[in-house]
Amino acid sequence: MDDVQSAIVKTTPPLVLVDQLKKHFPIRQGLIIDREIGSVKAVDGISFSIQRGETLGLVGESGCGKTTAGRTILGLYPITSGRVLVTGISLENASKEQMKLFRRKAQIIFQDPYASLNPRWTVSAIIGEPLRVHNLLPDGKARDERVHELMMKVGLSPRLINRFPHEFSGGQRQRIGVARALASDPAFIVCDEPISALDVSIQAQVVNLLEELQDEFTLTYLFIAHDLSMVRHICDRVAVMYLGIFVELADCDDLYENPLHPYTQALLSAVPIPDPKRDRQRQRIILKGEIPSPINPPSGCRFHPRCPIAAEICGSEVPEWREITPEHWIACHLATNS
Amino acid sequence: MKQERILEVNDLRTRFHIAEGTVYAVNGVSFHLNHGEAIGVVGESGCGKSVTMMSIMRLIPIPPGEIASGQALYEGRDLLKLSESEMEDIRGKDIAMVFQDPMTAFNPVLTIGRQLGEPLRVHLGLSKEKINQRSIELLEQVGISDPPQHLLDYPHQFSGGMRQRAMIAMALACSPSILIADEPTTALDVTIQAQIVELVLRIREQMNMAVIWITHDLGVVAEIAERVLVMYAGFIVEEAIVDDLYGDPRHPYTQALLAALPRVDKRRDKRLQSIPGAPPNLLVAPTGCPFVQRCQFSFDRCRGEMPPLFQVGVNHRAACWLDVITGKER
């Protein structure tokens, strides 16, 4: 965003507001006496906001809870505790009417373009479904026209309107998924690893499409990904997630050039750079072990068992979520701004 | 003097005869591998990188597969002409493979120890105690803690990263001279990927083993390989020393691929340069250059004739009718 835009943004309320969001999945045992013996703390208290027209990146390793976070924010999973506000509608006490509007305004693009499209439906039925469900264009002909228009927008030939998903390549299917998400005229889209299943040469096509659509319709994205290079390209701000919580949140360039949390530093240093000369020069931090279970997360700082700089305090006290420099948030006892 | 080339593949062509017609998966691939060298094979899905290696290892189901022509000389012996039992002696012992998906590559009902011990029993005929002892060493070598305990575990008790380590341990069991790693880190997180890359590099040095690393990730190749082959639609389109490939790519496809990549170490304010279109349909017999439909420099000759791999520099070859530096036709 340029300066003028960010000045406007600062004065308007955020489009998406998430406050202390938790999503725990209970683990049950026993056939006759059904008991809850624990819970998977997939999302364990995250807070952030996204301004209109902004893209927030959500990165982390598999199992860190980023997909669960995205889905819970859309109301696809019931919230355990916390608050979600999208376009002024609060998820927990929305009326049926409001909920319907919420679903129109908040959409999702899924990771797997092979599994997320119904193989028995034509493109016309898939893209037209939100229009039907929300009764936006009751007239069949008008609906077809709108589907045509959407297909053109995402770079698909409207001639293909009666084809089935299997007749399309992965990149084209993802375009269908994007058109479906756009159909109900949303304000906010959760992009859940939208390019991970695609080949490199096709990834760029889909990312460019997402950026063009954002400019045209002032869309707000939550971009969930594990490809840190792509996140740097597309996002305005980035949140790093580890075991259900945020460890760092900052402006994109600030985070990549000046990562302060040891986990972010390790994560960034692990990303291969397609430039061997540069790659050989840099310092790598190789983390030991793997991400622990979210059923019993480690005490204190959740990252301390793998942290290369962990001190005594890290095992006993939960680090506070603090603003270490303006707009740069971090949860670490030891990080300093130097 | 020891022969420098440990593997030499000449004009390999692999096809699959399926209900819809013939899939031209590998179309005349030639390359070599030196003793102890690490090469990378990069390309998008369907470019034939895995089929090439499976053909060399004779793991292509025939039918529907067919190796229409070619040679794969390992220490001077043509692997494509060996009998099945001769090939079994080489597979796992001289040339070992690590596969992409560590979740499905293990048998779920056998312990890790049993599966790790199999190559030791089959190829080396070791006794039970020796197998146990060697298995423990192998797990230690790949950085799995408490090996005696983990030998009794079943694959589902291992995480993705541990399974891939165990796969590598199994591949190393007989100290192979070539390790073929087929997208070994694609299913793993970057932090685990970094661990695996470091592991393979370390072991390669210790054992002076040659490595063929197959991947779609141009970033990983930059880390692991000394020399890189770029494949597209069943052809090798460029071959170069790693620094040259990234610093001075000479095939329009390689150039476009590198331009399409975002970088973690710098911000690109412009839109990414996407490559229009999609790879060609492999059911159609290739006539000209496979990249012609998507290439911004294409001209008439590209449509009718596949360019050979031209020498464009020291150890640098590119299959393009155009000299992308001077803009002149070859």
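Whatever comes next refers back to the structure up there.
Let me begin by describing the structure that accompanies this report. (Residues numbered from 1 in each chain as written. Chains lettered and ligands numbered in written order. Predicted model: local features only at pLDDT ≥ 70, side-chain atom pairs only at ≥ 80, totals over all residues.)

**Here's the deal with unusual backbone geometry**
Generally, phi is negative for residues other than glycine and the peptide bonds are trans, each holding for most cases. Test applied: To qualify as a helix, a DSSP run of H or I must reach at least 4 residues; to qualify as a strand, a run of E must reach at least 2; elements of each kind are numbered from the N terminus.
For the bond running from Ile62 of chain B to Pro63 of chain B, omega is -20°, close enough to zero to count as cis. With respect to the element layout, Pro63 of chain B can be found in the loop between α1 (49-56) and β4 (65-74). The peptide bond linking Pro63 of chain B to Pro64 of chain B adopts the cis configuration, its omega dihedral lying at 10°. The topology assignment puts Pro64 of chain B in the loop between α1 and β4. Phi angles above zero are rare outside glycine, and Gln20 of chain A is one such case at about 50°. Examined against the element boundaries, Gln20 of chain A turns out to sit in strand β1 (residues 16-29).

**Comments concerning the nonpolar core**
Selection rule: Structurally, a nonpolar core is described as a collection of buried Ala, Val, Leu, Ile, Met, Phe, Trp, Tyr and Cys residues joined by way of C-beta atoms within 7 Å. Partly exposed residues are those whose C-beta has more than 12 but fewer than 20 other C-beta atoms within 10 Å; with 20 or more the residue is buried, with 12 or fewer it is exposed, and the C-beta atoms are placed from the backbone. By the convention adopted here, residues are in contact when the distance between their C-beta atoms, placed from the backbone, does not exceed 7 Å.
If you look at the biggest cluster of nonpolar residues, it comprises 199 residues, and the most contacted ones within it are Leu222, Phe223 and Val240 of chain A together with Ala169, Ile212, Val228 and Val237 of chain B. In contact with Ala169 of chain B, not counting residues within four places along its chain, are Leu116, Leu138, Leu139, Gln141 and Val142 of chain B.

**Re the interface of chain B and chain A**
Threshold: The classification used treats Ala, Val, Leu, Ile, Met, Phe, Trp, Tyr, Cys and Pro as nonpolar, Asp, Glu, Lys and Arg as charged, and all other residues, Gly among them, as polar.
The interface of chain B with chain A comprises 38 residues on the first partner and 38 residues on the second. Every element with two or more residues in the side of chain B that touches chain A is listed here: α7 (190-207), α8 (218-224), α9 (242-247) and α10 (252-260) of chain B. With seven residues, the top contributor of residues to the side of chain B that touches chain A is α7 of chain B. Here the residues of the side of chain B that touches chain A sort into 17 nonpolar, 10 polar and 11 charged.

**Looking at the sheet that holds strand β10 (residues 235-241) of chain B**
Residues and elements named next belong to chain B. What counts is decided by this rule: DSSP calls a pair of strands paired once it identifies at least 2 bridges connecting them. Between N-to-C directions, angles span 0 to 180 degrees; the directions come from axes that are lines fitted to C-alpha atoms, helices contributing only their stretch in contact.
Here we have eight strands laid out as an open sheet, ordered β6-β7-β8-β3-β9-β10-β12-β11, and mixed in their pairing. Where the open sheet ends on each side, the last strands, each with one partner, are β6 (95-98) and β11 (310-313). Pairwise comparison of adjacent strand axes, ignoring direction, gives a mean angle of 20° for this sheet. Pairing between β6 and strand β7 (residues 178-182): four bridges, direction parallel. Note on β7: the bridge partner recorded for Val98 is Ala181. Packed onto the sheet, helix α6 (residues 160-172) meets β6 and β7 and runs at close to 170° relative to β6.

**Some remarks on the packing of α6 of chain B against α7 of chain B**
Residues and elements named next belong to chain B. How we decide: Any angle between 65 and 115 degrees counts as roughly perpendicular, while under 35 counts as roughly parallel, over 145 as roughly antiparallel, and the rest as oblique. By convention the crossing between two helices is left-handed if the near helix lies anticlockwise of the far one by an angle smaller than a right angle, and right-handed if it lies clockwise.
For the pair α6 and α7, the least separation of the axes is 10 Å and the interaxial angle reads 15°. Viewed along their axes, α6 and α7 adopt a mutual orientation that is roughly parallel. Both α6 and α7 take part in a crossing whose hand is right-handed. Packed against α6, whose contacting residues are Gly160, Gly161, Gln164, Arg165, Ile168 and Leu172, the element α7 presents Ile192, Gln195, Ile196, Leu199, Val200 and Ile203 at the interface. Residue composition of the contact of α6 with α7, by class: seven nonpolar, four polar and one charged.

**A look at the packing of helix α3 (residues 112-124) of chain B against α6 of chain B**
All names here are of chain B. Close contact between α3 and α6 brings their axes to 8 Å; oriented N to C, the two are set at 25°. The angle between α3 and α6 falls in the class roughly parallel. Between α3 and α6, the residues in contact are Ile112, Gln115, Leu116 and Pro119 and Ala166, Ala169 and Met170, respectively. Considered class by class, the residues forming the contact of α3 with α6 number six nonpolar, one polar and no charged.

**As for the sheet that holds strand β2 (residues 35-50) of chain A**
All names here are of chain A. The four strands lie next to each other as β2-β1-β4-β5, forming an open sheet whose pairing is antiparallel. Only two strands of the sheet have a single neighbouring strand rather than two, namely β2 and β5 (89-90). Sheet topology note: the strand β4 (residues 81-86)/β5 ladder contains two bridges and is antiparallel. Following the sheet pairing, Leu85 is matched in β5 by Ser90. Packed onto the sheet, helix α2 (residues 66-73) meets β1, β2 and β4 and runs at close to 75° relative to β2.

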